[in-house]
Amino acid sequence: MDFKLNDDQTMLRDTIRRIAQEQFAPKAAEIDASERFPWDNFEILRDNGLLGVNVAEEYGGAGAGQLALLLVLEETARVCGSTSVILTNQGLSSEPLMIAGSEEQKSNFLYRLATGETPGAMAITEPNAGSDVAGMKTTATKVKGGYVLNGSKIFITQAGVAGITCVICYTDKTKGNKGMSIFVVEKGAKGLIVGKPEHKLGIRGSDTRELSFEDCFVPDGNLVGPEGSGFKTLMNTFNYSRPNIAAQALGIAQGALDAAINYAKERMQFGKTLSSFQGIQWMLAEMALAVETARTMVYRAGAMIDTEPNHPDIPRICSMAKWYASDTAMKVTTDAVQIFGGYGYTREYPVERMMRDAKITQIYEGTNQVQRIIIANQVLR
Ligand SMILES: Cc1cc2nc3c(=O)[nH]c(=O)nc-3n(C[C@H](O)[C@H](O)[C@H](O)COP(=O)(O)OP(=O)(O)OC[C@H]3O[C@@H](n4cnc5c(N)ncnc54)[C@H](O)[C@@H]3O)c2cc1C
């Protein structure tokens, strides 16, 4: 197994690292404090061709693969968690189209997402159906020329800014998982109601809202894949998108480690720097070990998707990467706050923001309890 990034990947990582440090880092605290969607950073990502890194060139992407996307995510999340959500969400909303979209849907919806014409969204969660997707109530009823959607989705990232939203609903509830279908709903569709923004613990610059559908008509051409294929497409989507959350978590952890190392070298107590105390050195060593282990798992997941996209172990490997990297992000950011002491608890330094941003990576795209279920199912099969 080759652990070395190729020249293109190294160049891409160096480019996004520079963009992130120079253009995202200075704004990260302000984006968090103001809870604004960072349109300026969306445009920077778009103008640098970074919103469709893993999408084929013929559909407006860079065709650089999953590992390349993970590198972009890691470097972005390292300085600004909220901005990295733009990338995870563009990936999540593009994936069903990449997996099951028709040529026409790829040339239209996927192209528009990959080129950054608009942010995307993916609507799955409902008030009474989170981990248990099958508990959802939203329906799509067949009518002449299309379907009529009714129901409501909650916690939908970018719901207020997305021009293209993939929505999963029941086309035939009696068939259970085999009665679910995914539809593209475009901004401005009649009957699509966008709720108020949620005020969150972390990733506060990301836009999170309820989406309701009241007799919302979508044309036949917006059904992604055959009727009844929605659950299968969704599970495959998560297999490929979970490494993105893992890379986001990895970046947040690396950012907190960077900050803790710098602070420990400068802060003086008892006439010495913090970094001269073995207790702090060992904390930093443990943080570095966890970050490096997470990186190995995240890159492996990306490389596996690039080289063996149909490998039967992909669900397990991707769930493990997401679970481990997100737990690492939570632990490392918490330890970073500890190393900063009281200053770490204030907004004067970035580590409290990183700690708040880390938490969501243990929750969305399947909680870490759900990852355990997936892994157990795979090892016991
Ligand atoms: C900021 C944010 C952004 C989000 N973005 C999106 C989005 O863009 N699109 C979207 O569709 N959703 C989105 N979500 C929703 C997110 O994916 C769900 O919150 C998540 O899947 C968990 O569902 P839930 O909140 O209903 O928790 P529940 O499913 O009610 O779970 C509550 C707790 O019980 C545990 N649990 C549940 N079932 C089991 C079990 N069988 N065994 C053991 N433990 C279990 C869970 O792990 C969790 O700890 C977002 C959420 C947030 C907070």
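Just so you know, these numbers come straight off a predicted model, no measurement behind them.

Once that is clear, we can look at the overall build of the protein. Along the backbone of the protein there are 11 helices and 10 strands. The C-alpha radius of gyration computed for the protein amounts to 21 Å, which stays within 12% of the reference 21 Å derived for 381 residues, consistent with globular compactness. Relative to its full complement of 381 residues, the protein shows a buried share of 55%. Taking the intrachain contacts of the protein between residues at least 6 apart in sequence as the baseline, contacts between residues at least 24 apart amount to 74%. A total of about 16,400 Å² of accessible surface is found on the protein, and carbon and sulfur atoms cover 55% of it.

On to the pattern of salt bridges, then. Enumeration according to the criterion identifies 24 salt bridges in this entry. Note that Glu292 is salt-bridged to Arg295, the shortest N-O span being 2.9 Å. Taken together, the residues Glu292 and Arg295, both in helix H8 (residues 278-307) and 3 residues apart, mark about one turn of the helix. Given a relative accessible area of 13%, Arg295 falls into the buried group. The salt bridge partner of Arg316 is Asp313, with a shortest N-O separation of 3.4 Å. You can call Arg316 partly exposed: its relative accessible area is 21%.

Before going further, it helps to examine the state of the cysteines. The full count for this structure, using the stated rule, is 0 disulfides. Cysteine Cys166 remains unbridged, with the sulfur of Cys169 as its closest cysteine sulfur at 11 Å. A relative accessible area of 0% places Cys166 in the buried class.

If a strand is regular, its side chains alternate between the two faces of the sheet. Both faces of strand E1 (residues 120-123) are covered, namely the face carrying Gly120 and Met122 and the face carrying Ala121 and Ala123. Where E1 and strand E4 (residues 164-170) come together, 4 bridges link them in parallel fashion. Residue pairing in the sheet places Gly120 in a bridge with Ile164 of E4.

With glycine set apart, most residues show a phi of negative sign, and most peptide bonds adopt trans. Phi is positive for Phe155, which is not a glycine, with a value near 60°. Take Phe155: it is sitting in strand E3 (residues 146-157). Taking the relative accessible area as the measure of exposure, Phe155 reaches 52% and is therefore exposed. Unlike most non-glycine residues, Asp215 shows phi in positive territory, near 50°.

Inspection of the region around the ligand gives 18 residues, with Thr125, Ser131, Thr157, Thr367 and Gln369 positioned closest. Here an oxygen atom of the ligand sits 2.8 Å away from a polar atom, N or O, in the main chain of Ile124. Contacts to the ligand include Thr125, whose side-chain N or O atom sits 2.7 Å from a nitrogen atom. Starting from 970 Å² of accessible surface for the ligand in isolation, the protein chains cover 63%.

Next up on the list: the domain arrangement of the protein. Under the domain assignment, the protein is made up of domain 1 (7-114), domain 2 (120-228) and domain 3 (231-379). Distance from the C-alpha centre of domain 1 to the C-alpha centre of domain 3: 19 Å. Between domain 1 and domain 3 the total buried area reaches about 2,200 Å² when both faces are included, carbon and sulfur atoms providing 59% of it. Ranking the residues of domain 1 by area buried against domain 3 places Gln66, Glu74 and Arg78 at the top, with a combined share of 26%. The interface formed by domain 1 and domain 3 includes 3 salt bridges. Asp258 is the partner of Arg78 in a salt bridge, and the nearest nitrogen-oxygen pair spans 2.7 Å.

Once that is clear, we can look at the packing of helix H4 (residues 66-77) against helix H5 (residues 81-100). Packing of H4 against H5 leaves a shortest axis separation of 8 Å and a crossing angle of 160°. Relative to H5, the element H4 is oriented roughly antiparallel. In this structure, H4 meets H5 at a crossing whose hand is left-handed. Of H5, the residues touching H4 (which contributes Val72, Leu73, Thr76 and Ala77) are Gly81, Thr83, Ser84, Leu87 and Thr88. Broken down by class, the residue content of the contact of H4 with H5 amounts to 4 nonpolar, 5 polar and no charged.

Let us now look at the packing of aromatic side chains. Evaluation of the coordinates by the stated rule reveals 8 aromatic pairs. For the ring pair Tyr263 and Tyr349, a centre distance of 5.7 Å and an interplane angle of 75° mean the geometry is edge-to-face. Residue Tyr263 is located in helix H7 (residues 230-266), and its partner Tyr349 is located in the loop between helix H9 (314-340) and helix H10 (351-359); the two are separated by 86 residues in the primary sequence. With a relative accessible area of 8%, Tyr263 lands in the buried category. Grouped by ring-pair contacts, the aromatic residues Tyr263, Phe340, Tyr343 and Tyr349 constitute a single cluster. The ring of Tyr147 has Lys142 sitting right over it, with the charged end atom 4.9 Å from the ring centre.

Right, let's get into the side chain of Arg112. Turning to its location among the elements, Arg112 is positioned in helix H6 (residues 103-114). Looking at Arg112, the relative accessible area reads 16%, which means it is buried. Separated by 2.9 Å, the side chains of Arg112 and Asn108 make a polar contact. At 3.1 Å, the side chain of Arg112 forms a polar contact with the side chain of Glu186. Excluding its chain neighbours within four sequence positions, the residues that come into contact with Arg112 are Glu117, Thr118, Ile164 and Glu186.

Conventions we followed
- Residues numbered from 1 in each chain as written.
- Predicted model: local features only at pLDDT ≥ 70, side-chain atom pairs only at ≥ 80, totals over all residues.
- Heavy atoms only, no water.
- Helix = DSSP H or I, 4+ residues; strand = E, 2+ residues; numbered from the N terminus.
- Rg over C-alpha atoms; globule rule 2.2 N^0.38 Å.
- Buried < 20%, exposed > 50% of the residue type's maximum accessible area, 1.4 Å probe, protein only.
- Contact = heavy atoms within 4.5 Å.
- Areas by Shrake-Rupley, 256 points an atom, 1.4 Å probe, with all protein chains shown as cover.
- Salt bridge = Lys/Arg side-chain N within 4 Å of Asp/Glu carboxyl O.
- Disulfide = S-S within 2.5 Å.
- Pairing = 2+ DSSP bridges.
- Near = heavy atom within 4 Å.
- Polar contact = N/O pair within 3.5 Å; in protein donor to acceptor, adjacent residues only side chain to side chain.
- Domains from an automatic or database assignment.
- Buried area = accessible area lost by both parts, 1.4 Å probe.
- Axes fitted to C-alpha atoms, helices over the stretch in contact; angles between N-to-C directions.
- Parallel < 35°, antiparallel > 145°, perpendicular 65-115°, else oblique.
- Left-handed = near helix turned anticlockwise from the far one by under 90°.
- Nonpolar A, V, L, I, M, F, W, Y, C, P; charged D, E, K, R; others polar.
- Phe/Tyr/Trp six-rings, centres within 6.5 Å; stacked < 30°, edge-to-face > 60°.
- Lys NZ or Arg CZ within 6 Å of the ring centre and 35° of its normal.

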